[in-house]
Amino acid sequence: MPQLVFELGTEEMPAGAISGALDQLKASVSVGLLNARLQSDDVQVFGTPRRLIVTASGVPDRQPDQEKLLKGPAKSAAYDADGNPTGAAIGFARKIGIDVQSLEVIETPQGKYVHARVVEIGKSSVEAVGPLLVDCLKSLTFPKMMRWGHGSVKFVRPVRWILCLLDSTVVPLEFGTVTSGNTTTGHRFLAPSKVEVPHASDLLTVLRDRYVIANPDERRQLIEAQAKSIATSLSGTAIMDEALLDENVWLVEWPTAFAGSFKSEFLEMPRPILTTAMQKHQRYFPVEGADGKLLANFIAVRNGSDHALPVVTDGNERVLGARFNDASFFYSQDKQSNFADMADGLDKLIFQEKLGTVALKRMRLLLMAESIAPFWGLNTSEFADLIKAAELCKNDLVSRMVIELPSLQGVMGREYAMDAGESSTVGDAIRDHYLPKSAGGSLPQSKIGSILAVMDRIDTLVGYVGLEILPTGSSDPFGLRRAAQGVGQILAVDSSAPPISKLVSAGVSAYRQVNSLEFNHEKLLSDLTIVFDQRLSGILSEQGVRYDLVDAILSATPSTSVSVSTLIAKGKALLGASQTEAFELTVQTGARISNILKSDSTESASVNKSLFEHEEE
């Protein structure tokens, strides 16, 4: 049976968009082929920054014929009293294209109706596959879409070519203003000219011959191997952050790793400054020595061969050197300032138009710290650390270093706090109160950091939801779901934490005192419960709790009225009980008793224990 290959060539796509698009394509093409009666036994996807590729082996030559039973008018309308077909039956038969004598009367739940049996002749695969693939392309979603040229089709980037083959036959299709053919292009710089692909099975080989490795797993392995080899030659180890490795995989078609260096004097800056500049901004892999300290080297990945590599290396070194020079200047300027005095600049940073500045948020955090500390049973020393951390946690937002590298918020706060003589507990809490940064991300490691992280998010949630700014559908521009997720993740592992409702009350009180805002407490808590239910449902599911048990737990009592750790414990207990033989019978019995006690006839009745005959009663 034929092999299908489809390649959509584009301008360079964002690195973060390609993997998700390939997952969508694999699912939609698999389902599309199945629904079109052209099921393949092996659908695979490959991709680079400039192309999305789908291959499917074992595609049938044509669709099998399919018999359909088409429903027509009711028998009473289709035939007269003598059993002769009426105009309704004749018209239905003519529309279907069969003789009226071929109609059948079939009994249905709605009564007797006339039906026609027709055979739909299957199309050849060449005819059927094109429209199917176009539908799959139109169903793709990306964070941002664009139009180009004079067409109306939207896609993540302009489409430049389409290759679609069933064995050696071109499958005709059109997407945007581009029609399919049997040609592809190689690497943009190393082999940019068009080339014919003689057979569907030849595409990946043709691309490799033109400096394109279509398989992302192979590119990943090459990058890892090259980076490790280079690091070893430098007597060090490459710091291979997984997210950064993924990004490099989707930035190149022909990966070539190379080493660069920078002035050793830059190593006097804090490590986070150096690694952030290398990883976040330049997409380089830092290198550390056997002692765990950074070396004055980096490893970068080029999209191309080793041609003129010294020139490329020199250019990258110049760019990183300039960035480090800027960072060194900003860092030295910040160190000349008193960290505590940086708070004076927070009144120029707007937190939210109606909720005021970050300076006001800082004041609310201090009030919340005072009111919720008893819930956690903090001792005098811990309470002092929490107050100090709340006082300083936002100061680095006005530092030159964080303005230059925003991802260092909290990280630089810890550095500056430690330089100012604060304890490591306070410093760690300042750094950790931004954690977790995403679902499943690292949690704060200290008790004070966890409490401060929860307070910060509760303040945000109370303020926005109090103003009736809520996430809608897939839209959550202010990150409220992410804030609720963070609160849930932190509280899930803290058995000493209070219920969310108590934290919300502390937040409401702080807004009243600082902003003179009065929120409808009952409505606010109701809206927040909906937001938290969605997040806690996911956390319970991650713990292995079945969806029906999750629904039962969250519907039994408002999730904000009990501690999150208690909800988790309930979920695990209920999951364990559900796996016993007696669970279903117990549930049925409990439901029966509950329904009896709720009924009007027994609402005011008392239970006569003298009528009990068995211990179970």
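All values reported here derive from a predicted model rather than from experimental measurement.

A. Examining the overall build of the chain more closely. On a plain count of helices and strands, the chain comes out with 21 helices and 18 strands. In terms of overall size, the chain is more extended than a compact globule, its C-alpha atoms giving a radius of gyration of 33 Å where 617 residues would be expected to give roughly 25 Å. Here the C-alpha coordinates of the chain stretch approximately 100 × 95 × 50 Å along the principal axes. Counting every position in the chain, which comprises 617 residues, the buried fraction comes to 47%. Across the chain, the fraction of contacts at a sequence separation of at least 24, relative to all contacts at a separation of at least 6, is 67%. Of the accessible surface of the chain, which amounts to about 30600 Å², a share of 50% is contributed by carbon and sulfur atoms.

B. Main features of helix 15 (residues 447–466). Over its 20 residues, helix 15 runs 28 Å from end to end, which matches the ideal 28 Å to within 8%, given 1.5 Å per residue. Within helix 15, 18 of the 20 residues are buried, leaving the element largely enclosed by the surrounding structure. Of the residues trailing helix 15, Glu468 is marked for its positive phi of about 60°.

C. View of helix 7 (residues 242–249). Looking at helix 7, one finds that the buried residues are Leu244, Leu245, Asn248 and Val249. In a view along the axis of helix 7, the buried residues occupy a sector of 145°, so they form one face of it. Against helix 6 (216–233), helix 8 (271–281), strand 15 (285–288) and strand 16 (294–303) lie the buried residues of helix 7. Backbone nitrogen of Ala243 and a side-chain oxygen of the N-cap are separated by 3.2 Å at the start of helix 7; the cap is Asp241.

D. Expanded view of a nonpolar patch on the surface. Nonpolar side chains collect at one region of the surface, where Phe189, Leu190 and Tyr211 lie side by side and expose about 300 Å² of accessible area between them. Here Tyr211 lies in the loop between helix 5 (203–209) and helix 6.

E. Focus on the sheet that holds strand 13 (residues 237–238). Pairing in this open sheet of four strands is antiparallel, and the strands run 13-15-16-14 from one edge to the other. Two strands close off the open sheet at either side, each with one partner strand: strand 13 and strand 14 (255–261). As paired elements, strand 15 and strand 16 share three bridges and run antiparallel to each other. The residue of strand 16 that forms the bridge with Pro286 is Phe298.

F. Region of interest: the pattern of salt bridges. Following the criterion strictly, the structure yields 29 salt bridges and no others. A salt bridge links Asp334 to Arg400; the shortest N-O distance between them is 3.9 Å. Taken as a pair, Asp334 in helix 9 (residues 309–335) and Arg400 in helix 12 (residues 400–404) lie far apart in primary sequence, 66 residues in all. By relative accessible area, Asp334 is classed as buried at 2%.

What counts, and at which threshold
- Chains are numbered independently. Their residues run from 1 in the order of the written sequence.
- Whole-chain, interface and lining totals are the exception, using all residues; otherwise, since this is a predicted model, local features are given only for residues with pLDDT of at least 70 and side-chain atom pairs are given and counted only at 80 or more.
- Side-chain numbers come from the whole structure's heavy atoms, not from hydrogens or water.
- Helix numbering and strand numbering both begin at the N terminus, where a helix is a DSSP run of H or I of at least 4 residues and a strand a DSSP run of E of at least 2.
- Radius of gyration here is computed from C-alpha atoms only, and the compact-globule reference equals 2.2 Å multiplied by the residue count raised to the power 0.38.
- For each residue, the accessible area found with a 1.4 Å probe, counting protein chains only, is set against the maximum for its type, and the residue is called buried under 20%, exposed over 50%, and partly exposed in between.
- We call two residues in contact whenever any of their non-hydrogen atoms come within 4.5 Å of each other.
- Per-residue and other accessible areas follow the Shrake-Rupley method at a 1.4 Å probe size, with only the shown protein chains counted as cover for residues.
- Multiply 1.5 Å by the residue count of a helix minus one, and that product is the helix's expected span.
- This arc is built from the directions going out from the helix axis to the C-beta atoms.
- In protein, a polar contact requires one atom able to donate a hydrogen and another able to accept it; more generally it is a pair of N or O atoms within 3.5 Å, and residues adjacent in sequence count only if both atoms are side-chain atoms.
- Exposure above 30% relative accessible area and the absence of a salt bridge qualify a residue for a patch, where like charges join within 9 Å and nonpolar side chains (Val, Leu, Ile, Met, Phe, Trp, Tyr) within 5 Å.
- Only one rule defines a salt bridge in this text: a Lys or Arg side-chain nitrogen within 4 Å of an Asp or Glu carboxyl oxygen.
- Should DSSP find at least two bridges between two strands, the strands are regarded as paired.

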